[in-house]
Amino acid sequence: MTKITIVAFDGTRFELDAQPGSTVMENAVRNSVPGIDAECGGACACATCHVYVDDAWTAVVGGPAPMEEDMLDFAADVRPNSRLSCQIKVTPELDGLVVSVPERQG
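Keep in mind that this is a model prediction, so the values were computed, not measured.

Thresholds applied
Residues numbered from 1 in each chain as written. Predicted model: local features only at pLDDT ≥ 70, side-chain atom pairs only at ≥ 80, totals over all residues. Heavy atoms only, no water. Salt bridge = Lys/Arg side-chain N within 4 Å of Asp/Glu carboxyl O. Helix = DSSP H or I, 4+ residues; strand = E, 2+ residues; numbered from the N terminus. Buried < 20%, exposed > 50% of the residue type's maximum accessible area, 1.4 Å probe, protein only. Phe/Tyr/Trp six-rings, centres within 6.5 Å; stacked < 30°, edge-to-face > 60°. Lys NZ or Arg CZ within 6 Å of the ring centre and 35° of its normal. Core = buried A, V, L, I, M, F, W, Y, C linked by side-chain atoms within 4.5 Å.

Considering the pattern of salt bridges
Here's step 1: The final tally for this structure, using the stated rule, is four salt bridges.
Here's step 2: Among the ionic pairs, Asp 17 bridges to Lys 3, the shortest N-O distance being 2.6 Å. One end of the pair, Asp 17, is in strand 2 (residues 13-18); the other, Lys 3, is in strand 1 (residues 2-7), and 14 residues separate them in sequence.
Here's step 3: With a relative accessible area of 42%, Asp 17 lands in the partly exposed category.
Here's step 4: Across the pair Asp 77 and Arg 79 runs a salt bridge whose closest N-O atoms are separated by 2.9 Å.
Here's step 5: For Asp 77, a relative accessible area of 47% translates into the label partly exposed.
Here's step 6: Residue Arg 79 is classed as partly exposed on the basis of its relative accessible area, which comes to 40%.

Comments concerning the packing of aromatic side chains
Here's step 1: Counting across every chain of the model gives zero aromatic pairs.
Here's step 2: The aromatic ring of Tyr 52 is capped on one face by Arg 79, whose charged end is 4.1 Å from the ring centroid.

Focus: the nonpolar core
Proteins that are soluble and globular tend to have nonpolar side chains buried together.
Here's step 1: In this structure, Ile 6, Val 24, Ile 36, Leu 84, Ile 88 and Leu 97 are the most contacted members of the largest nonpolar core, which totals 30 residues.
Here's step 2: Looking at this core, the elements that each hand over two or more residues are strand 1, strand 2, helix 1 (24-30), strand 3 (50-53), helix 3 (66-72) and strand 5 (97-100).

Dropping the structure here:
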């Protein structure tokens, strides 16, 4: 299992054991992390699973693909470290990943 931490907007930390091959969004939904709405179910067709990748992890996680960049146009308060959590695949290299949930989703 890969450990990931999702920090809700209110500061509550959700420390999760994530199965490699799953997505950050799937783990957030499975663990009822507030603020991750995931309306499209992970199809990269909305921007309701927007997260901020911790600065220490941006290089490891990498940037968004073109389709994800297009969807981020619909997210609120997009930043250079914004990603859609449905597009972040859990791998052993992401052990310790920290992402934060914005105040609201797009």
